[in-house]
Structure formats: C-alpha cells, structure tokens
Amino acid sequence: QKEVEQDPGPLSVPEGAIVSLNCTYSNSAFQYFMWYRQYSRKGPELLMYTYSSGNKEDGRFTAQVDKSSKYISLFIRDSQPSDSATYLCAGNSGYSTLTFGKGTMLLVSP
Amino acid sequence: DTEVTQTPKHLVMGMTNKKSLKCEQHMGHRAMYWYKQKAKKPPELMFVYSYEKLSINESVPSRFSPECPNSSLLNLHLHALQPEDSALYLCASSPRQGDQPQHFGDGTRLSIL
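Throughout this description, residue numbers start from 1 for each chain and increase along the sequence as written. The order in which chains are written sets their letters, starting at A; the order in which ligands are written sets their numbers, starting at 1. Only residues with pLDDT of at least 70 get local features here, since the model is predicted, and only at 80 or more are side-chain atom pairs given and counted; chain-wide, interface and lining totals rely on the full set of residues. Hydrogens are left out, water is left out, and the side-chain values use all remaining heavy atoms of the structure.

### Describing the overall build of chain A
Part 1 of the argument: Strands here mean DSSP runs of E at least two residues long; helices mean DSSP runs of H or I at least four residues long; both are numbered from the N terminus. Helices and strands together make up the secondary structure of chain A, namely zero helices and 11 strands.
Part 2 of the argument: Ordered by position in the sequence, the α and β elements of chain A form the string β-β-β-β-β-β-β-β-β-β-β.
Part 3 of the argument: Computation of the radius of gyration draws on C-alpha atoms, with the globule rule given as 2.2 Å multiplied by the number of residues to the power 0.38. Compactness check: chain A gives a C-alpha radius of gyration of 13 Å against a globular reference of 13 Å for 110 residues, within 12% of the reference.
Part 4 of the argument: Overall, the C-alpha framework of chain A stretches about 40 × 25 × 20 Å when taken along its three principal axes.
Part 5 of the argument: Within chain A, the proportion of its 110 residues that are buried is 43%.
Part 6 of the argument: Working rule for contacts: check all heavy atoms of both residues, and any pair within 4.5 Å makes them a contact. Intrachain contacts of chain A at a sequence separation of at least 6 include 53% that bridge at least 24 residues.
Part 7 of the argument: The positive count covers Lys and Arg only, the negative count covers Asp and Glu only, and His and the chain ends enter neither. In this description, the location of a charge corresponds to atom NZ of lysine, CZ of arginine, CG of aspartate or CD of glutamate. Charged side chains of chain A number 10 positive and 10 negative; the gap between the two group centres comes to 6 Å. For the exposure calls, accessible area comes from a 1.4 Å probe over protein chains only, and a residue counts as buried if that area is under 20% of its type's maximum, exposed if over 50%, partly exposed in between.

Following this line, the structure appears as structure tokens:
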C-alpha cells in the first residue's frame, strides 16, 4: 500500500463551485501535512501547511486533517479558473523525507 | 516569484555533454533538496544536503553529482545522461532537514537528446 493515496482525477467543476480534494495516508507517524499547487511547467507552490489534526483556513482555502481516520482534505470555496492546476498532498513525520500523493488535476471551467 | 531560484529554466543536452543545474535560496535555510519529476507524477527525492553536507542519496546513478558550495547554493552536475533522465528537476529548501514545509523552485526542464 502506497503511503499517501490520492485520486489523480481530473476533477472538473464550474466556476464558483466548492471543491473538495482528499488524501488518505497509512503512516501513523505523520504529523506534518502539506498541500502544494502546481501549475503546468512550474514548481510546486506551498498552499497550506498544518501540524497534527485540525483545520486551517487561508482565504478561500481550508485544510483539514483527521489523524484518527488518516484523512486529509483541501476545500476551495468560490473556485476560479485560475485554480486549475494539479494539487499535491504530502505528509511527513518530521524525521523523514516528504511523502507525496500522486496529485489531483483540477479543472475549473468559466 | 518563488524564493528558491533555479537556473537554467530549460536545458537541452546530448548524452555526451556535461552541464550543471544551479539552485539558490536566501531564506537562511540549512537543508536543500534535489527532486526529479516526470510528467503526471509527484516529485521523487534524489539528494538531501544538511548544513552543506550530503545527508541522503536515494540511490541515484553516479551520472548525477550534487554539490553544495555554501549554505545558499546547490548544484547538480550532469554527465553522460540517458534519454530517460529527461524530466523536471526541482530544488527545494527548508530551515533544517526534517523541518517543514519545504519551499520549491520552478525547476529546470531537462531534455536529453
């Protein structure tokens, strides 16, 4: 079983929709969780960073971590065409290297 | 603009060439990373430098040779690459090894002819 599972999509939504992106992980030692956004031909851009369980909000973006179910989510409110990108989730125990999911491609149509 | 700068943005080289990729950060981070990313795949870790010393080498072929001349710079020297080495090469940094999050540059897109 891969340590971080993520549906590759593509996920297609209309502009203004609420988007839910999800990952599951298997390593109980993970304490740090990140969401990166990657546009075509660019490097991953850090979007959200959370430590342990809980929610974190930044503008239209909300990250949730549920360590009891090993489930991490990213919600995007009022999605825009400029949100079209690949979203990578990642986990880390603090002593090991980053473990990425495969990435979910999001397409937001005008 | 990212805080991790990589040059060149694009590189085309033959299998017998020698070239170098460069990465620079001025955030005071003491851990720097090289990743390789193929199309539609997540980044794969190649090397980790911690306080300018090689800490992790993920069994990368010797045709890739990393170098960390100082705390702000990271190089990746390339020699005798194969067509399958064509990929996006990403540099990242973090305050210390194991610290999160890592900040990535925009990468060098490498094509091997």
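This is not the end of the story, as more comes after the structure.
### Points about the pattern of salt bridges
Residue and element names in this part refer to chain B.
Part 1 of the argument: When a carboxyl oxygen of Asp or Glu lies within 4 Å of a side-chain nitrogen of Lys or Arg, that pair is called a salt bridge. The full count for this structure, using the stated rule, is seven salt bridges over all chains.
Part 2 of the argument: Two residues, E52 and R30, come together in a salt bridge whose shortest N-O distance is 2.9 Å. On the criterion of sequence distance, the pair formed by E52 in the loop between β5 (44-50) and β6 (53-57) and R30 in the loop between β3 (18-25) and β4 (31-37) is long-range, its members being 22 residues apart.
Part 3 of the argument: What makes R30 partly exposed here is its relative accessible area of 26%.
Part 4 of the argument: The residue D85 makes a salt bridge to R63 at a minimum N-O spacing of 2.7 Å. Taken together, the residues span a long stretch of sequence, with D85 in the loop between β8 (73-79) and β9 (87-94) and R63 in the loop between β6 and β7 (64-70) at a distance of 22 residues.
Part 5 of the argument: Classification of D85 as buried rests on a relative accessible area of 2%.

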